[in-house]
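In case you want the letters, here they are:
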Amino acid sequence: MSAQIPEVRSTEQLREKWMKSEVITGSEILLRSLLLEGVECVFGYPGGAVLYIYDAMYGYEDFKHVLTRHEQGAIHAADGYARASGKVGVCIATSGPGATNLVTGIATAYMDSVPLVVITGNVATSLIGTDAFQEADITGITMPITKHSYLVRDVKDLPRIIHEAFHIASTGRKGPVLIDIPKDVSAALTLFEPSSNAVNLRGYNPRMVPNKLQLDKLVQAIAEAERPLILAGGGVIYSGGHEALYEFVKRTEIPITTTLLGLGAFPSGHELWTGMPGMHGTYTSNMAIQKSDLLINIGARFDDRVTGNLNGFAPNAKIVHIDIDPAEIGKNVPTDIPIVGDVKTVLEMLNSEVKRADKADEWRAWIRESKAEKPFSYQDSDTVLKPQWVIEMLNETTKGEAIVTTDVGQHQMWAAQYYKFSQPRSMITSGGLGTMGFGLPSAIGAQMAQPDRLVISINGDGGMQMCSQELAICAINNIPVKIVIINNQVLGMVRQWQELIYDNRYSHIDLEGSPDFVKLAEAYGVKGLRATNKEEARQAWAEALETPGPVVVEFVVSKGENVYPMVTQGSTIDQMLMGDA
Amino acid sequence: MSTRHTIAVLVNDQPGVLQRVSGLFGRRGFNIESITVGQSEEPGLSRMVIVTIGDEHTLEQIEKQLYKLIDVIKVINLSSNPMVARELALIKVNAEPSERPEIMGVVETFRASVVDIGSHNLMVQVVGDTTKIDAMIELLKPYGIRELSRTGVTAMIRGNV
């Protein structure tokens, strides 16, 4: 299995060619600068304000571009690419509506700290501020949802700005950086001198190495703790710290829970792993947080979906927070031992000093018992297909080794609960913003980044229809993503809340009348399969895995299923609705 | 406990930098009582002085969030030190010729000055800390203030800091 990934090899010869100092246009400077940053592929959509940029791409063999069918598809694909590879994702859109169509994707990446460089065209500098055709103040619009942004006024600044943008996006707490290039700037000729590797940003100097005194405090606290617990988040994966985390757990034997974005940071089969915490987390993780006397947050941000009601969150615990972003420490939860630094660096420093948490044997025994007593559970059926069963089947047949992207809603939570991730960068999901429409395009990007891995895109029937146009990209480029649709003919998560919290007043959630997803797939030239019972499900999925190209598999599942456990809003996380299973 | 804080922010003199800073305050729900911007001692850098109200936790968040902006070089909590804080106000007050001596009395007491005289009004300029200007305004109110314009606070730490 291998996607038709356009290949660009950054050989020395090519680099020499790209670095050649000569008079070229802003557009050519952009392309060469991207290549020099090691960009392999760019997702984009042309338009008036980026015509010079697209003209520069014409026949330019070194540069690879994937034409999506919507700018939102382009940016989610760049996001999926970045999350699956750890590299910076890049997308291009035109001014005005092209740029505003990126907004949801920029916010998605910002909330989950995903490194993106987002390039937009704008009207010519002489027209800026005149309400010109397709003009939008995209740097202004995106200021609250970008790590930084640039409006390029002089073509001479372009090499420096692009280099700075990649540096800012990919260091410290990662995030999206926007570069807005007016049309005249992309057309202007100037002598191209590649940016030197040095970045001169006085106001930007992320702290990588932690304060040693705080580390010593943590080492001491571990030695004293009777009920220590690790809460690991996306920061572990983003820093490349998963091996150091494994070593940390091996040395200390402290139980560990991983957040939605932290899934895969620690092997789920490990006996000390308690599963995901929070609103739809495991009983054991939530109870462990509430009981713990030492909570070690490693690269998570105490999101409200994890903490539940903050008054009463981890009431007995000394709080340790390891994060590269000082602003996260103490933001939501008062912290006893703050450790600012790169997670990987911090853990490696700790690993040379920490010892087994010797006072925690009873605690470990409790964790083991609780895990055995209260796993995720549901009532299976032989007549209707249960969504949880479908995810379990996907997990078993792929041994938890696939890259899974999800959309947002019930299927996302079931994927997080029942797919057993064992490697980092395997779970690609919009956690912070909760963006529907993310599942399919992010899978395309992930597959481009990891052409040799199996990529499964798990969607609901709602979110699937928010970016289904990108099926075209799968077909045209033969991107072998396996697109799963968990079809319950309803906006399931909204239905669940309306049932449990709004007295069964089901308001505008019925998705009956959605297209025939098999036919929809076929219309795009993608194989489509449907399953309505276990037998069909196993067969259809086996066929999908055997098919070399992209496949849509629709699993028609029971309508009224709820995600349990559930911590309703305002409750502390030990107050869980457990369902009837 | 919410108190008033005066902070100085040294920023790159870039287009949009005021928007970045004020936007941050807006979206994080931080209060801005006043904000002033101008050149600093170093070419290419501007100094903003922001007066905000909040508790210690909010102040800590404000400082940390400001530091996340790439264009922010330095954040200094001025009000945690002995500082000089000043603002300037221009006040156009009704002043018939018969009332003028009385108003001049107020102006002199406050070491303010009259910077323009119209046929029925005076323009008073007063410099001082916020309480002084508030007091001046209160005293001039009975005559009828036609227009009031305040610069907001600018401030500096005292001594060799």
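Keep in mind the model is a prediction, meaning the values are calculated, not measured. (Residues numbered from 1 in each chain as written. Chains lettered and ligands numbered in written order. Predicted model: local features only at pLDDT ≥ 70, side-chain atom pairs only at ≥ 80, totals over all residues.)

(A) Broad picture of the overall build of chain B. Looking only at helices and strands, chain B features 4 helices and 9 strands. Looking at chain B as a whole, 27% of its 161 residues qualify as buried. For chain B, the proportion of contacts with a sequence separation of at least 24, taken over those separated by at least 6, is 72%. (Helix = DSSP H or I, 4+ residues; strand = E, 2+ residues; numbered from the N terminus. Buried ≥ 20, exposed ≤ 12 C-beta atoms within 10 Å, placed from the backbone. Contact = placed C-beta atoms within 7 Å.)

(B) Inspection of the sheet that holds strand β7 (residues 176–182) of chain A at higher detail. Residue and element names in this part refer to chain A. Pairing is parallel in the open sheet, where 6 strands are placed in the order β3-β2-β4-β5-β7-β6. Looking at the sheet topology across the chains shown, the edges are occupied by β3 (65–67) and β6 (148–151). Geometrically, the sheet is characterised by an average inter-axis angle of 20° between neighbouring strands, direction not taken into account. Pairing between strand β4 (residues 89–93) and strand β5 (residues 116–122): 5 bridges, direction parallel. When the bridges of β5 are listed, G89 appears paired with L116. Against the sheet, helix α4 (residues 71–85) touches β2 (42–44), β3, β4 and β5, its axis set at about 170° to β4. (Pairing = 2+ DSSP bridges. Axes fitted to C-alpha atoms, helices over the stretch in contact; angles between N-to-C directions.)

(C) Molecular detail of the domain arrangement of chain A. Residues and elements named next belong to chain A. By domain assignment, chain A separates into domain 1 (12–191), domain 2 (212–373) and domain 3 (387–556). For domain 1 and domain 3, the distance between their C-alpha centres works out to 30 Å. Between domain 1 and domain 3, the residue contacts involve 24 residues of the former and 26 residues of the latter. Counting only elements with at least two residues in the side of domain 1 that touches domain 3, the list comes to α4 and α6 (103–111). Ranked by residues supplied to the side of domain 1 that touches domain 3, first place goes to α4 with 11 residues. For the side of domain 1 that touches domain 3, the residue count by class is 9 nonpolar, 11 polar and 4 charged. (Domains from an automatic or database assignment. Nonpolar A, V, L, I, M, F, W, Y, C, P; charged D, E, K, R; others polar.)

(D) Inspection of the UniProt feature "domain: Thiamine pyrophosphate enzyme TPP-binding" (unreviewed entry) in chain A at higher detail. Feature annotation in UniProt assigns "domain: Thiamine pyrophosphate enzyme TPP-binding" (unreviewed entry) to the following positions: residues 407–555 of chain A. In this annotation, residues 407–555 of chain A is assigned 37% helix and 16% strand; the end-to-end C-alpha distance for the span is 15 Å. (UniProt positions renumbered as here; feature names shortened; annotations may be inferred.)

(E) Representation of the UniProt feature "domain: Thiamine pyrophosphate enzyme central" (unreviewed entry) in chain A. Using the residue numbers shown here, the UniProt feature "domain: Thiamine pyrophosphate enzyme central" (unreviewed entry) corresponds to residues 215–350 of chain A. Each end of residues 215–350 of chain A is marked by a C-alpha atom, and these two atoms are 7 Å apart; helix forms 35% of the span and strand 17%.

(F) Layout of unusual backbone geometry. All names here are of chain A. Residue P565 is reached from Y564 by a cis peptide bond, and omega for that bond is -5°. Relative to the helices and strands, P565 is located in the segment after β19 (551–556). Despite not being glycine, S113 shows a phi value in the positive range, around 55°. Take S113: there are 22 C-beta atoms within 10 Å of it, and that puts it in the buried class. Backbone geometry at H508 places phi at a positive 55°, although glycine is not the residue there.

(G) Highlighting the UniProt feature "domain: ACT" (unreviewed entry) in chain B. The positions UniProt marks with the feature "domain: ACT" (unreviewed entry) are residues 6–80 of chain B. Its end C-alpha atoms 8 Å apart, residues 6–80 of chain B is made of 32% helix and 39% strand.

(H) Fine view of the pairing of strand β5 (residues 83–94) of chain B. Residues and elements named next belong to chain B. Sheet analysis places β5 next to strand β9 (residues 154–157), joined by 4 bridges and oriented antiparallel. Among the inter-strand pairings, R86 is bridged to a residue of β9, identified as T154. Here β5 runs beside strand β8 (residues 145–150); their pairing, made up of 5 bridges, is antiparallel. Residue pairing for β8: L90 is matched across the bridge by S149.

(I) Representation of the domain arrangement of chain B. Residues and elements named next belong to chain B. If you check the domain split of chain B, you get domain 1 (3–80) and domain 2 (84–157). On a C-alpha basis, the centroid separation for the pair domain 1 and domain 2 is 28 Å. Counting residues at the interface gives 8 residues for domain 1, matched by 7 residues for domain 2. Of all elements in the fold, only β1 (3–12), β2 (34–39) and β3 (45–54) reach the threshold of two or more residues within the side of domain 1 that touches domain 2.

(J) A look at the sheet that holds strand β13 (residues 337–340) of chain A. Residues and elements named next belong to chain A. Reading across the sheet, the 5 strands line up as β10-β9-β11-β12-β13 and stay open at both edges, with parallel pairing between neighbours. Every interior strand has two partners, whereas the edge strands, β10 (256–258) and β13, have only one. For this sheet, the mean inter-axis angle between neighbouring strands, taken without regard to orientation, is 15°. When strand β12 (residues 318–323) meets β13, the two strands line up parallel, connected through 4 bridges. Following the sheet pairing, V320 is matched in β13 by I337. In the packing of helix α10 (residues 212–224) onto the sheet, the strands contacted are β9 (228–232), β11 (294–298), β12 and β13, and the crossing angle to β13 comes to about 130°.

(K) Local environment of the nonpolar core. Of all hydrophobic cores here, the largest spans 198 residues; its most connected members are V117 and F555 of chain A. Tallying contributions element by element places α4 of chain A first for this core, with 7 residues. For V117 of chain A, the contacting residues outside a window of four places in its chain are V88, V90, A165, F166, A169, V177 and I179 of chain A. In terms of nonpolar packing, the next biggest core, distinct from the first, is built from 13 residues, I103, V124, M136 and L140 of chain B among them. (Core = buried A, V, L, I, M, F, W, Y, C linked by C-beta atoms within 7 Å.)

(L) Representation of the packing of helix α12 (residues 242–252) of chain A against helix α15 (residues 343–351) of chain A. Residue and element names in this part refer to chain A. Direction vectors running N to C along α12 and α15 enclose 30°, while the axes themselves pass 9 Å from each other. One way to sum up the angle between α12 and α15 is to call them roughly parallel. Seen along the crossing, α12 lies across α15 with a hand that is left-handed. Touching A244, L245, E247, F248 and R251 of α12 are K344, L347, E348, L350 and N351, all from α15. In the contact of α12 with α15, the residues fall into 5 nonpolar, 1 polar and 4 charged. (Parallel < 35°, antiparallel > 145°, perpendicular 65-115°, else oblique. Left-handed = near helix turned anticlockwise from the far one by under 90°.)

(M) Fine view of the environment of S422 of chain A. All names here are of chain A. Summarising the element assignment, S422 is placed in the loop between α18 (410–418) and β15 (427–428). Separated by 36 residues in sequence, S422 and I458 have C-alpha atoms that sit 18 Å apart. Here S422 is in contact with P267, S268, G269, G400 and E401, once residues within four sequence places are set aside.

(N) Inspection of the confidence of the model for chain B at higher detail. Mean pLDDT for chain B: 96, with 100% of residues reaching 70 or above. Both confidence scores are given for the complex: pTM 0.96, ipTM 0.93. (pLDDT = per-residue confidence, 0-100.)

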